[in-house]
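# Structural features, examined
What follows is the residue order along each chain.
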Amino acid sequence: MGVHGVKAVFFDLDNTLIDTAAAGRRAIEEAVHPSCPFKVISALQSKHHYGEGEARAICDKVQAKLLKECHDPARMCITDLRISHWEEAIQETIGGEANRNLAAECYFLWKTTRLQNLSLAEDTRGMLTELRKGVRLLLLTNGDRQTQREKIEACACQPYFDAIVVGGEQKEEKPAPSIFHYCCDLLGVQPAECVMVGDSLDTDIQGGLNAGLKATVWLNKAMTAPGDASPVPHYIISSVLDLPAVLQKMEHKMNAKLGTDHTAGGNE
């Protein structure tokens, strides 16, 4: 499947190709660690004698901390930071002295199960396989190197891409133009020959616009309208599986334009 003028498609990872948010929720509710056969919430109740309300409050606080997380790898490794999230959440809920050991137990239980719940859906694999017959594919994800590489390994998505770029391994992350231009150089293509697909207006869409890519495609599962101050994507889809139809639409537009240009040229 080739598209006139499009030589490469860049994909975001989290909540675009894989449902990281859902895996995180399942990890809290359903986590099973090989050496500790309890859910995180159940472990806090059964093993550590917290009430269900307290256990859920701790987990809710951790989820909130993850959403607001700012990680500087030069100051702290991601493991220490996330253990601290659990430690703070436990102390904020229960009070008393900090319990680093319990926090570490909860973190590794959550992390292990989240990775177990990450997968690249079969229909997504099929779509990527078909797309790659006509264009080059690149995975472009922000985040800590260790965390993102573990996710990539867990969902076994490497074979579907010509290159994988992790923001935490670069000088700048999305939405900086530099990381998009680095991706272009990796594939030997120009920005105007590339399409960016992702769920974040602030990083994926704004980044693609900043870098001068041919098109940006916003994955908006809820199909909510972007805010007035938000960057405006070229296309909006509710499922990543809708991407081939968008690329076909782009091809039809290009063919129509080429036809118009040819007719105009012939009349001169």
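This is a predicted model, so every value here is computed, not measured.

## Section: the overall build of the protein chain
- Counting its secondary structure elements, the protein chain contains ten helices and six strands.
- Projecting the C-alpha coordinates of the protein chain onto the three principal axes gives extents of approximately 85 × 35 × 35 Å.
- Sorting the 268 residues of the protein chain into buried and exposed places 43% on the buried side.
- Partitioning the intrachain contacts of the protein chain with sequence separation of at least 6 by distance along the chain shows that 63% fall at a separation of at least 24.
- Carbon together with sulfur atoms contributes 50% to the accessible area of the protein chain, which is approximately 13200 Å² in total.

## As for the domain arrangement of the protein chain
- According to the domain assignment, the protein chain consists of domain 1 (8-19 + 119-262) and domain 2 (20-117).
- Between the C-alpha centres of domain 1 and domain 2 there is a distance of 31 Å.
- Contacts between domain 1 and domain 2 engage eleven residues on the former and twelve residues on the latter.
- Approximately 890 Å² of surface area, both sides summed, lies buried where domain 1 meets domain 2, with 44% of it carried by carbon and sulfur atoms.
- Counting across the domain 1 and domain 2 interface gives one salt bridge.
- Taking the shortest distance from any N to any O, the salt bridge between glutamate 150 and lysine 111 comes out at 3.1 Å.
- In this assembly, domain 1 and domain 2 are joined by eight residue pairs in polar contact (both at pLDDT 80 or more).
- Partitioning the side of domain 1 that touches domain 2 into residue classes produces two nonpolar, four polar and five charged.

## Considering the nonpolar core
- Formed by 34 residues in total, the largest nonpolar core has its most connected members in Val9, Phe11, Leu139, Phe161, Val195 and Leu243.
- Here this core gets four residues from one element, more than from any other, and that element is helix 10 (residues 243-267).

## Concerning helix 7 (residues 145-155)
- Within the sequence span of helix 7, burial applies to Thr147, Gln148, Lys151, Ile152 and Cys155. Projected down its long axis, helix 7 carries its buried residues within an arc of 130 degrees, all on one side.
- The N-cap residue of helix 7 is aspartate 144: its side-chain oxygen and the backbone nitrogen of glutamine 146 are 3.1 Å apart.
- Looking one or two residues beyond helix 7, the residue adopting positive phi is alanine 156, at roughly 50 degrees.

## Considering empty space enclosed by the protein
- Under the defined criterion, the tally for this structure stands at one cavity of 30 Å³ or more.
- By volume, the largest cavity amounts to about 70 Å³.
- Looking at the largest cavity, the residues that line it are Ile78, Arg82, Tyr107, Trp110, Lys111, Arg114, Leu115, Gln146, Thr147 and Glu150.
- In terms of residue count, helix 5 (residues 100-117) provides more of the lining of the largest cavity than any other element does, five residues in total.
- Its residues assigned to classes, the lining of the largest cavity shows four nonpolar, two polar and four charged.

## Quick notes on the layout of surface pockets
- Of the pockets and cavities examined, the largest pocket occupies roughly 1100 Å³.
- Forming the boundary of the largest pocket are 33 residues, of which Asp14, Leu66, Glu69, Arg82 and Lys151 lie nearest the centre.
- The biggest single contributor to the lining of the largest pocket is helix 7, with four residues.
- Of the residues that constitute the lining of the largest pocket, the class distribution is seven nonpolar, 13 polar and 13 charged.
- Formed jointly, the lining of the largest pocket draws a minimum of three residues from each of two domains, domain 1 (8-19 + 119-262) and domain 2 (20-117).
- Counted as a void, the second largest pocket has a volume near 230 Å³.
- As for the second largest pocket, its lining consists of 18 residues, of which Thr16, Leu17, Ile18, Asp19 and Thr124 are closest to the centre.

## Concerning the sheet that holds strand 6 (residues 235-237)
- Here six strands make up an open sheet; going across it, the order is 3-2-1-4-5-6 and the pairing parallel. Edge positions in the open sheet fall to strand 3 (163-166) and strand 6, since each of these has one partner strand only. With direction set aside, neighbouring strand axes in the sheet form an average angle of 20 degrees.
- Strands in contact with helix 7 are strand 2 (136-141) and strand 3; relative to strand 3, the strand with the most contacts, it is inclined by about 145 degrees.

About the criteria used
- Residues numbered from 1 in each chain as written.
- Predicted model: local features only at pLDDT ≥ 70, side-chain atom pairs only at ≥ 80, totals over all residues.
- Heavy atoms only, no water.
- Helix = DSSP H or I, 4+ residues; strand = E, 2+ residues; numbered from the N terminus.
- Buried < 20%, exposed > 50% of the residue type's maximum accessible area, 1.4 Å probe, protein only.
- Contact = heavy atoms within 4.5 Å.
- Areas by Shrake-Rupley, 256 points an atom, 1.4 Å probe, with all protein chains shown as cover.
- Domains from an automatic or database assignment.
- Buried area = accessible area lost by both parts, 1.4 Å probe.
- Salt bridge = Lys/Arg side-chain N within 4 Å of Asp/Glu carboxyl O.
- Polar contact = N/O pair within 3.5 Å; in protein donor to acceptor, adjacent residues only side chain to side chain.
- Nonpolar A, V, L, I, M, F, W, Y, C, P; charged D, E, K, R; others polar.
- Core = buried A, V, L, I, M, F, W, Y, C linked by side-chain atoms within 4.5 Å.
- Arc of directions from axis to C-beta.
- 1 Å grid on protein atoms, 1.4 Å probe; cavity = no way out; pocket = protein on both sides within 12 Å on 5 of 7 lines; lining within 4 Å.
- Points joined across faces, edges and corners; volume = space filled by probe spheres on them.
- Pairing = 2+ DSSP bridges.
- Axes fitted to C-alpha atoms, helices over the stretch in contact; angles between N-to-C directions.

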